[in-house]
Amino acid sequence: MTVALLQVRGLTKRYLGLTAVDEVSYEVEAGTVVGLIGPNGSGKSTIVDCISGFQPADGGRWLLDGHELTGLSPHRIARAGMTRTFQTVRAYDELTLLDNLCVAAQEGDGVGWLQALGRGSRLRGVEKAAEARGRDLLTTVGLADYARAPAGILSYGQRKLLAIAAGMMARPRLVVLDEPVAGVNPTMIRRIEQVIHRLNAEGVTLIIVEHNVDFIMSLCRRVIVLEAGRKIADGPPALIRSDPRVLAAYLGQRGAAARGHGRR
Amino acid sequence: MRGGWLRAFLVVLGVAALFAIPRVTGNEYVLALGVSFATFSVLSGGLNLVYGYTGLLSFAQVGFFGIGGYTAALLVTEQDWSLWAGAAAGGVLAALVGLVIGYSSLRLSRHAFAIVSLSFALLCLIVALEWVSLTRGAMGIPGLPVPTLSLPGGLRWRLGRPADFYYLLLGFAVVAHAVIYLVVTSRLGRAMRAIKLNEPLAQSQGVNPLSYKLLAIALSALLAGIVGGLFVFYLTIVDPSIFDFYYTETMLIMVIIGGPGSFWGVLGSSAVLSALPDLLRFTTDLRMVLYGAVLIAAMLLFPGGVGGWLQRRRLARWRRPGAVAP
């Protein structure tokens, strides 16, 4: 039995007495795509913010590949191999798409500040490799035509794609996508789905936090469901769909009885 | 790449032309404008690095400028240091002070830094006025000697003529801008811009914002400190007015009109705005009114500065239908 890539144990986060995340534990095996769903306010985003270092946790530990990430600052967690995207889509509007991606690779490549200023062959080699990977990723997400354009020209959906590509840039072990398809049109949703499949096929492990239950159910073989800061279900989509606690959480008791199944 | 060579050629040409000015005219007034441009361009270039590239509003530059001035003046007059060593020490001290105020306030937020930098600049003024045993208070340190610089090859350069200080400050400005240019066009500059544009995103990609912010602050403080050390010997006096808010105001105007985050924009606006108050001298009554009018017009025409206007044009070009690049 190998150790899971990500282990989260007893993660707890309180805001002024309100427990947003209550002793949540889960593991993510390498090479999988795991969905994290739950109604509004169930603690999904808080979990992402905590394990990526953006919010201090009040309890619990988390480890990536056996290395302790608990309490590290966001940039250290990213360098350790776990990156994330944001619900409110973020990009460097004034930088070109390629620079948007190359920034995301430059901190882990071992080239120091003086080398960066000296512009020696080492730096040129590293930057060339980063640019090649950036172009590859832009091709994967279908934005290769805009490689030299500033990110400010992209549409909302395109920015989501760029953010996913940027999350992959440093060859992380694990990527957490925070609502990758929220507010995105159906055509673009299919595109993002294909991109996630392709990246997973290349060996990237992903956690996907979403409101869009259909999207999660078709994409993930394992789904974790949260309600009011607690984990209430964890298993394959088929089981999740028929889990009475999940139905109650999502549809309320009445809705669950009326609909009889978990499709939205 | 062709554009790169053309630009390099123009830069060399421009620098050569600036260095040739004293040969064309010995007019002290023109040289004084040149000294003022060289000095202010270093200050605004440093502020641009901190504010324009890294996104930290800073009022501390004038403090670094004055610390450099006082340090160099005291070391040269009381410890018999050379001007080189005195100015360098002023720069290093300013950079260390910059690291201290940056490290202590940036752990809170960038707003905290803005407030601390403002308090720091005011504190510098108070210290210069009140620590009489060191700074001689409001009288300052007048009558700074004409410095003699040792040059490589055993040459000695006595800075006796106005043109000498013009050469010295212009030469240092060229070095300072070359350093700033090297940083902002490297991937360090790219990381600084990333931090300014979206700090959480940069953090999520492994960028440590604090280290880049401290680099920007320390470098700008170093340059401001050195230029302060050189400038006070041109003035032949250092007194508390070196911490005047006027310097801060001028630097900020230069950066804002030039476009924060635009190297050439801020350099260009430093040149124009160093000369503008004097170009408007033809009408003494309305001089400052016209100066204000020019600033207002510039902000109306270029709300993001000249650099911001160029950036918007670039965006517009990409937004045109069918604008897809190879």
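Criteria and thresholds
- Residues numbered from 1 in each chain as written.
- Chains lettered and ligands numbered in written order.
- Predicted model: local features only at pLDDT ≥ 70, side-chain atom pairs only at ≥ 80, totals over all residues.
- Helix = DSSP H or I, 4+ residues; strand = E, 2+ residues; numbered from the N terminus.
- Rg over C-alpha atoms; globule rule 2.2 N^0.38 Å.
- Buried ≥ 20, exposed ≤ 12 C-beta atoms within 10 Å, placed from the backbone.
- Contact = placed C-beta atoms within 7 Å.
- Pairing = 2+ DSSP bridges.
- Core = buried A, V, L, I, M, F, W, Y, C linked by C-beta atoms within 7 Å.
- Domains from an automatic or database assignment.
- pLDDT = per-residue confidence, 0-100.
- Expected span 1.5 Å × (residues − 1).
- Nonpolar A, V, L, I, M, F, W, Y, C, P; charged D, E, K, R; others polar.
- Axes fitted to C-alpha atoms, helices over the stretch in contact; angles between N-to-C directions.
- Parallel < 35°, antiparallel > 145°, perpendicular 65-115°, else oblique.
- Left-handed = near helix turned anticlockwise from the far one by under 90°.

> Please provide a residue-by-residue account of the overall build of chain A, values included.
For chain A, the helix and strand inventory stands at 10 helices and 10 strands. Whereas a compact globule of 264 residues would reach a radius of gyration of roughly 18 Å, chain A reaches 19 Å, a difference of no more than 12%. Considered along the principal axes of its C-alpha atoms, chain A spans approximately 65 × 40 × 40 Å. In chain A, buried positions account for 47% of the 264 residues. Taking contacts inside chain A between residues at least 6 apart in sequence as the whole, the part at least 24 apart equals 67%.

> How would you summarise the overall build of chain B if you had to cite specific residues and measurements?
Helices and strands together make up the secondary structure of chain B, namely 14 helices and two strands. For 326 residues, the compact-globule estimate of 2.2 N^0.38 gives 20 Å, and the C-alpha radius of gyration of chain B, at 20 Å, lies within 12% of that figure. With respect to the three principal axes, the spread of C-alpha positions in chain B is 65 × 50 × 50 Å. By residue count, 48% of the 326 residues in chain B fall in the buried class. Pairs at least 24 residues apart make up 74% of the contacts formed inside chain B by residues separated by at least 6 positions.

> I'd like a rundown of the interface of chain A and chain B, residues and numbers included.
Of the residues lining the interface, 32 residues belong to chain A; the matching set on chain B comes to 27 residues. Listing elements by their share of the side of chain A that touches chain B, those giving two or more residues are helix H2 (74–80), strand E6 (82–84), helix H3 (97–103) and helix H4 (113–118) of chain A. Ranked by residue count, the leading element in the side of chain A that touches chain B is H2 of chain A, at four residues.

> Report on the sheet that holds strand E5 (residues 67–68) of chain A, specifying residues and quantitative values.
The sheet built from four strands is open, its strands ordered E2-E1-E4-E5 (chain A) with antiparallel pairing. Either end of the sheet is taken by a strand with one partner, and the two such strands are strand E2 (18–28) and E5 of chain A.

> A description of the nonpolar core should follow, citing residues and the corresponding values.
Counting 181 residues, the largest nonpolar core has Leu-101, Leu-162, Ala-165 and Ile-208 of chain A together with Leu-169, Val-227 and Leu-230 of chain B as its most contacted members. Per-element tally for this core: the top contributor is helix H10 (residues 209–235) of chain B, with 17 residues. For this core, the two domains that each supply at least three residues are domain 1 (6–90 + 171–259) and domain 2 (92–153) of chain A. With sequence-adjacent residues up to four places away left out, Leu-169 of chain B is seen in contact with Val-35, Ala-38, Thr-39, Leu-230, Phe-231 and Tyr-234 of chain B.

> Lay out the pairing of strand E9 (residues 222–227) of chain A in plain terms, naming residues and giving numbers.
Residues and elements named next belong to chain A. Looking at chain direction, strand E3 (residues 33–37) and E9 are connected through four bridges and run parallel. Bridging from a neighbouring strand, Gly-35 pairs with Val-223 of E9. As judged from the five bridges shared by E9 and strand E10 (residues 230–235), these two strands associate in the antiparallel manner. In the sheet register, Glu-227 faces E10, and the bridge partner there is Arg-230. Hairpin connection of E9 to E10: two residues between the antiparallel strands, including Ala-228 at a positive phi of 50°.

> With reference to specific residues and values, describe the confidence of the model for chain A.
In the predicted model, chain A carries a mean pLDDT of 87, and the fraction of residues at 70 or more is 94%. The low-confidence segment residues 260–264 of chain A (pLDDT under 50) makes eight contacts with residues lying over four places distant or belonging to another chain.

> Before we move on, could you go through the confidence of the model for chain B and cite the residues and values that matter?
Per-residue pLDDT for chain B averages 88, and the proportion of residues at 70 or more is 97%. Quick note on the complex model: pTM equals 0.89, ipTM equals 0.89.

> Got a sec to walk through helix H6 (residues 156–168) of chain A? Specific residues and values, please.
Residues and elements named next belong to chain A. Given a rise of 1.5 Å per residue, 13 residues ought to cover 18 Å, and the 19 Å separating the end C-alpha atoms of H6 matches this to within 8%. Counting buried positions along H6 yields 11 of 13 residues, so the element is predominantly enclosed. Close packing links the buried residues of H6 with E6, H3, helix H5 (121–141), strand E7 (174–178) and helix H7 (186–201).

> Lay out the domain arrangement of chain A with the relevant residues and their values.
Residues and elements named next belong to chain A. In terms of domain boundaries, chain A breaks down into domain 1 (6–90 + 171–259) and domain 2 (92–153). Each of domain 1 and domain 2 was reduced to a C-alpha centroid, and the two centroids are 28 Å apart. The partner domain 2 presents five residues to the five residues of domain 1 that form the contact. Taken together, the elements giving at least two residues each to the side of domain 1 that touches domain 2 come down to H2 and H7. Tallied by class, residues from the side of domain 1 that touches domain 2 come to one nonpolar, one polar and three charged.

> Give me the lowdown on unusual backbone geometry, citing residues and values where you can.
Residue and element names in this part refer to chain A. Residue Arg-119 is not a glycine yet carries a positive backbone phi of 55°. Counting through the fold element by element, Arg-119 comes out in the loop between H4 and H5. Residue class for Arg-119 comes out partly exposed when judged on the 14 C-beta atoms lying within 10 Å of it. Residue Ala-228 is not a glycine yet carries a positive backbone phi of 50°. With respect to the secondary-structure elements, Ala-228 resides in the loop between E9 and E10. Judged by the 15 C-beta atoms lying within 10 Å of it, Ala-228 is partly exposed.

> Help me get a handle on the environment of Leu-49 of chain B, residues and values and all.
Residues and elements named next belong to chain B. Inspection of the secondary structure puts Leu-49 in helix H2 (residues 28–53). Overall, Leu-49 belongs to the buried group, with 28 C-beta atoms counted inside 10 Å. The sequence separation of Leu-49 and Leu-279 amounts to 230 residues, and the corresponding C-alpha distance is 28 Å. If we skip the residues at most four places from it in the chain, Leu-49 touches Thr-54, Ile-180, Val-183, Val-184, Ala-216, Leu-219 and Ser-220.

> Could you give an account of the packing of H2 of chain B against H10 of chain B, with specific residues and numbers?
All names here are of chain B. Running from N to C, H2 and H10 cross one another at 165°; their axes reach a closest spacing of 9 Å. Put simply, H2 runs roughly antiparallel to H10. The interaxial crossing formed by H2 with H10 has left-handed handedness. Here Val-35, Thr-39, Val-42, Leu-43, Gly-46, Leu-47, Leu-49, Val-50 and Tyr-53 of H2 come into contact with H10, specifically with Ala-216, Ile-217, Leu-219, Ser-220, Leu-223, Ala-224, Val-227, Phe-231 and Tyr-234. Here the residues of the contact of H2 with H10 sort into 15 nonpolar, three polar and no charged.

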